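Listed below are the residues making up each chain.
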Amino acid sequence: MPSRRALLVWAIIAALSVPLLFVLDRRLSTLGTVRGSESAVVDRRVREGFDSPFATPALLVIAGLRPSADLDSTRADVRAIVSPLRANPAVTGAISPASSLDTLLLGAHGTAAIAIFGLRRDMPGALDSLRAMTGAMLPALRHIHPSLSLRWTGEQAVVEDLRRESVREARTAELRAFPVTALIAAWAFGSVTAALVAVI
């Protein structure tokens, strides 16, 4: 049977550990490049050697636009999507069929398009804010384009998706391990109270 002093020590350790529960997602934050790798060197060169608004790009894939034989009409539809996003403080630049005559950014029959956005590297959650904006825009836009989808890709999007999946998997693993850990602690300490304090 553990002494009151041991229980107090465990309680203090548990109390000091509680704040760590709320920073798991930041602890598991994934870097976009591997330190010392070729990609890391290139990434640093781009940031330091080029004064480009697209040093940190993100791609918005627009699919499900209403078919139109009129290219100007398609550009206007893309402009209605891109313009509000361009005004986001996290965006440093945007290239899309709304601003470029290059048809490489348009899909077949004008029902899909790609918009390239430059993001501020010093603004955490830049992509999250853009994803929130496109999610909020979709219901109104689907009155005109019923099959419309707005999806983000690119390095920043992949890194963010990896981080979220890592957080989800880590928390799932913790929940699965909890009952076994509690049983082992109860057996080792001989007290349910001491076991719960240790597990927490």
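Scroll up to find the structure.
Residues numbered from 1 in each chain as written. Predicted model: local features only at pLDDT ≥ 70, side-chain atom pairs only at ≥ 80, totals over all residues. Heavy atoms only, no water.

Novice: How do you make sense of the overall build of the chain when you look at a structure like this?
Specialist: Summing up its helical and strand segments, the chain has seven helices and four strands in all. Helices (α) and strands (β) of the chain occur, in sequence order from the N terminus, as α-α-α-β-α-β-β-α-β-α-α. Among the 200 residues that make up the chain, the fraction classed as buried is 28%. Partitioning the contacts of the chain with sequence separation of at least 6, the portion at a separation of at least 24 is 69%. Accessible surface computed for the chain: about 12,800 Å², of which carbon and sulfur atoms make up 63%. (Helix = DSSP H or I, 4+ residues; strand = E, 2+ residues; numbered from the N terminus. Buried < 20%, exposed > 50% of the residue type's maximum accessible area, 1.4 Å probe, protein only. Contact = heavy atoms within 4.5 Å. Areas by Shrake-Rupley, 256 points an atom, 1.4 Å probe, with all protein chains shown as cover.)

Novice: Help me understand the sheet that holds strand β2 (residues 91-95), please; the structure alone is not making it clear to me.
Specialist: Sheet strands pair by backbone hydrogen bonding; their relative direction is either parallel or antiparallel. One open sheet accounts for four strands, arranged β2-β3-β1-β4; its pairing is antiparallel. Looking at which strands have only one partner, the edges of the open sheet turn out to be β2 and β4 (149-153). The average undirected angle you get between the axes of adjacent strands in this sheet is 25°. The pairing of strand β1 (residues 57-63) with strand β3 (residues 112-119) spans seven bridges and is antiparallel. (Pairing = 2+ DSSP bridges. Axes fitted to C-alpha atoms, helices over the stretch in contact; angles between N-to-C directions.)

Novice: Would you mind showing me how to read the packing of helix α6 (residues 155-189) against helix α7 (residues 192-199) here?
Specialist: The description of two packed helices rests on the angle between their axes and on the distance between the axes. Interaxial distance between α6 and α7 falls to 8 Å at its minimum, and their mutual angle equals 135°. Relative to α7, the element α6 lies oblique. Classified by chirality, the crossing of α7 by α6 is right-handed. Side by side, α6 and α7 meet where Phe-178, Thr-181, Ala-182, Ala-185, Ala-186 and Phe-189 of the first sit next to Ala-194, Ala-195, Ala-198 and Val-199 of the second. Of the residues assigned to the contact of α6 with α7, the class counts are nine nonpolar, one polar and no charged. (Parallel < 35°, antiparallel > 145°, perpendicular 65-115°, else oblique. Left-handed = near helix turned anticlockwise from the far one by under 90°. Nonpolar A, V, L, I, M, F, W, Y, C, P; charged D, E, K, R; others polar.)

Novice: Explain the pairing of β3 here, please?
Specialist: Regular strands place their side chains on alternate faces of the sheet. Inspection of the sheet shows β2 paired to β3 by four bridges, in the antiparallel sense. Considered in β3, the bridge of Ala-94 is made with Phe-117.

Novice: Quick question: what am I supposed to make of helix α5 (residues 126-141) here?
Specialist: Think of an α-helix as turning once every 3.6 residues; residues three or four places apart then point the same way. With 16 residues, α5 ought to run about 22 Å at 1.5 Å a step, and its terminal C-alpha atoms sit 22 Å apart, in line with that. Restricting attention to buried positions, one finds in α5 the residues Ala-126, Leu-127, Leu-130, Arg-131, Thr-134, Met-137, Leu-138 and Leu-141. Each buried residue of α5 sits inside an arc of 135° when the element is viewed along its axis, so together they form one side. Pointing more than 90 degrees away from the buried face of α5 are the exposed residues Ala-136, Pro-139 and Ala-140. (Expected span 1.5 Å × (residues − 1). Arc of directions from axis to C-beta.)

Novice: I keep staring at the pattern of salt bridges and nothing clicks. Help me out?
Specialist: Should their charged atoms come close, side chains of opposite charge can pair. Per the counting criterion, the structure on display carries three salt bridges. Note that Glu-169 and Arg-168 form a salt bridge whose closest N and O atoms lie 2.8 Å from each other. Taking relative accessible area as the criterion, Glu-169 reaches 40% and is therefore assigned partly exposed. (Salt bridge = Lys/Arg side-chain N within 4 Å of Asp/Glu carboxyl O.)

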